[in-house]
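# Tertiary structure, described
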Amino acid sequence: MKLHNHIFCREKQFAEIWMAVWTSFCLLFSVMTVITFFIDTSKFHYPKRPIIFLSLCYAMYSIAYLIRLIAGRQQVTCDPDGLMTQGLDNTNCAAIFLLLYYFSTAAALWWVILSLTWLLSAGLKWSHDAIELYSSYFHLVSWGIPAVQSIIIIVLRDVSGDELTGLCFVGTNNANSLLGYVIGPLGAYLLLGIALLVAGYIILFCQEKKEAVKGDEKIEILMVRIGIFSLLYTVPATCLLACYFYEYLNLSSWTNSASTNSPSIEIYILKTFSGLLPGITSGLCVLGCRTLDTWANACSNLCFRKYNRNSKAVSYQSNNNNNTVRQYIPVKAVRQSSNTNSSQHSSSARPHTTTHSSTRSYHKHHHRTTHNGGTYVLSPSPVCGPSTRYPGEYHV
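## Observations regarding the side chain of Ser30
- Mapping Ser30 onto the fold places it in helix H1 (residues 9–39).
- According to the relative accessible area criterion, Ser30 is buried, its value standing at 0%.
- A distance of 2.7 Å separates a polar atom in the side chain of Ser30 from the backbone oxygen of Cys26.
- Setting aside its immediate chain neighbours within four residues, Ser30 contacts Ser55, Tyr58, Ala59 and Gly279.

## Looking at a nonpolar patch on the surface
- The grouping of Leu124, Trp126, Leu133, Tyr134 and Tyr137 at the surface amounts to a nonpolar patch, some 550 Å² of accessible area in total.
- Inspection of the secondary structure puts Trp126 in the loop between helix H4 (91–123) and helix H5 (128–132).
- Residue Trp126 is classed as partly exposed on the basis of its relative accessible area of 33%.

## Examining the environment of Gly193
- Inspection of the secondary structure assignment puts Gly193 in helix H7 (residues 175–211).
- Along the backbone, Gly193 and Trp111 are 82 residues apart, and their C-alpha atoms lie at a distance of 6.3 Å.
- Residues contacting Gly193, with those up to four places away along its chain left out, are Trp111, Val112 and Ser115.

## Points about the packing of helix H2 (residues 49–71) against H4
- It is at 8 Å that the axes of H2 and H4 come closest, and there the two elements cross at 165 degrees. The pairing of H2 with H4 is recorded here as roughly antiparallel in orientation. As H2 packs across H4, the resulting crossing turns out to be left-handed.
- When grouped by side-chain class, the residues that make up the contact of H2 with H4 number 22 nonpolar, two polar and one charged.

## Details of the state of the cysteines
- One pass over the structure, following the stated rule, counts one disulfide.
- A disulfide bridge connects Cys93 with Cys168, and the sulfur atoms are separated by 1.7 Å. Between Cys93 and Cys168, the S-S torsion sits near -115 degrees, and that sign places the bridge as left-handed. You can see Cys93 sitting in helix H4 and its partner Cys168 sitting in strand S4 (residues 168–170), a full 75 residues away along the chain.

## Looking at the confidence of the model for the protein chain
- A residue-level look at the protein chain finds 67% of positions with pLDDT of 70 or above and a mean pLDDT of 76.
- Confidence, read as mean pLDDT per element, is least for strand S9 (residues 394–395) in the protein chain (42) and greatest for helix H6 (residues 135–156) (95).
- Per-residue pLDDT stays below 50 along residues 324–367; that stretch engages in 76 contacts with residues further than four places along the chain or on separate chains.

## With respect to unusual backbone geometry
- Following Tyr46, the chain continues into Pro47 via a peptide bond in cis, with omega recorded as 15 degrees.
- Locating Pro47 in the fold gives a position in the loop between H1 and H2.
- With a phi angle near 60 degrees, Lys125 is a residue other than glycine that sits in the positive phi range.
- Among the structural elements, Lys125 can be located in the loop between H4 and H5.
- You can call Lys125 partly exposed: its relative accessible area is 49%.
- We note that Arg157 has phi near 55 degrees; this positive angle belongs to a residue other than glycine.
- Structurally, Arg157 can be placed in the loop between H6 and strand S3 (159–161).
- A residue is classified by how much of its surface remains accessible, and Arg157, at 40% relative accessible area, is partly exposed.

## Digging into the environment of Leu179
- Position of Leu179 relative to the elements: it lies in helix H7.
- A C-alpha to C-alpha distance of 7.9 Å links Leu179 and Phe245, two positions 66 residues apart in sequence.
- When near neighbours in sequence (up to four residues on either side) are disregarded, Leu179 contacts Gly184, Pro185 and Tyr248.

Conventions used here
- Residues numbered from 1 in each chain as written.
- Predicted model: local features only at pLDDT ≥ 70, side-chain atom pairs only at ≥ 80, totals over all residues.
- Heavy atoms only, no water.
- Helix = DSSP H or I, 4+ residues; strand = E, 2+ residues; numbered from the N terminus.
- Buried < 20%, exposed > 50% of the residue type's maximum accessible area, 1.4 Å probe, protein only.
- Polar contact = N/O pair within 3.5 Å; in protein donor to acceptor, adjacent residues only side chain to side chain.
- Contact = heavy atoms within 4.5 Å.
- Patch = residues over 30% accessible without salt bridge, like charges linked within 9 Å, V, L, I, M, F, W, Y side chains within 5 Å.
- Areas by Shrake-Rupley, 256 points an atom, 1.4 Å probe, with all protein chains shown as cover.
- Salt bridge = Lys/Arg side-chain N within 4 Å of Asp/Glu carboxyl O.
- Axes fitted to C-alpha atoms, helices over the stretch in contact; angles between N-to-C directions.
- Parallel < 35°, antiparallel > 145°, perpendicular 65-115°, else oblique.
- Left-handed = near helix turned anticlockwise from the far one by under 90°.
- Nonpolar A, V, L, I, M, F, W, Y, C, P; charged D, E, K, R; others polar.
- Disulfide = S-S within 2.5 Å.
- pLDDT = per-residue confidence, 0-100.

This is the structure we're talking about:
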């Protein structure tokens, strides 16, 4: 179904600029959060670690918007006559749908995991290691359920394009699909996360009231951070859910050619903003003064390693240019014959070297020495193997 009679070109141009601005912010903060995690993973234990995976989801979610902006509206959802009735016929449209739906659903489930780990850590006093034992189940739920939902939608081929934004999503022209695949799951995940979060706060407050002592400072700081992040996530998620519900209530009248009811462009703009805002807020909760110190230390370590490699290379080259390598070269010992017994005794007690005239000039520049019973020549350059000029000498 087409809605182009209600949406003007000026509003589409504004939607393009709006998407480009908030997509850039969401991608920037999400990627910085993920890189910070890989720089120092030891600082992100449970219950804070789900925020990293939530940021990863929003980074991929914003990449879908980026693909749409780069490829253009015509290459994603439109043909020369208008909107495509079946989005899966277009590869770009199918890829954008998978990125949007899969990672938005995964982000909602990681929000539930965050609330659950907060309940276990702050309320039930579980340790980080105890929670991490169940991390494989967290990943199975957070990545597996969105995969099943996405496969069902692809099999049913219930994907179409949105005229204002040019994005492909489920339920754009079908109110029942929008309710069953988008509003229902996202609403259930949001309510479940809020319930777990509230339960954690209630247990913690009851424990502090019962003990009548001041709580741990680290727990209080963590409570404040989780509370701020929960507020920054639940508000945009609630606005996004309200926009979907508004679309569900009015979609049938918008697709009816006899109806004069037209969609509110401001609601669609708010939906785009609410979908990208949690990626920004998750980055703001993680990035701080300590994060800046982590980045500074990582950059300084990288530059220091590079400087050490360069300085070692320069030092090795200067040593090779300034220093002469001197090696001991052994000389084959030759016994000299003599008629006297004294000379025979001396020759047998100490070996003599060759003294023919051809080696006199050679011995002027090479100094001999005796070591371990053998005679050696100090050579200014390393030579290996037998000498071709002086057959009686062996170089090592």
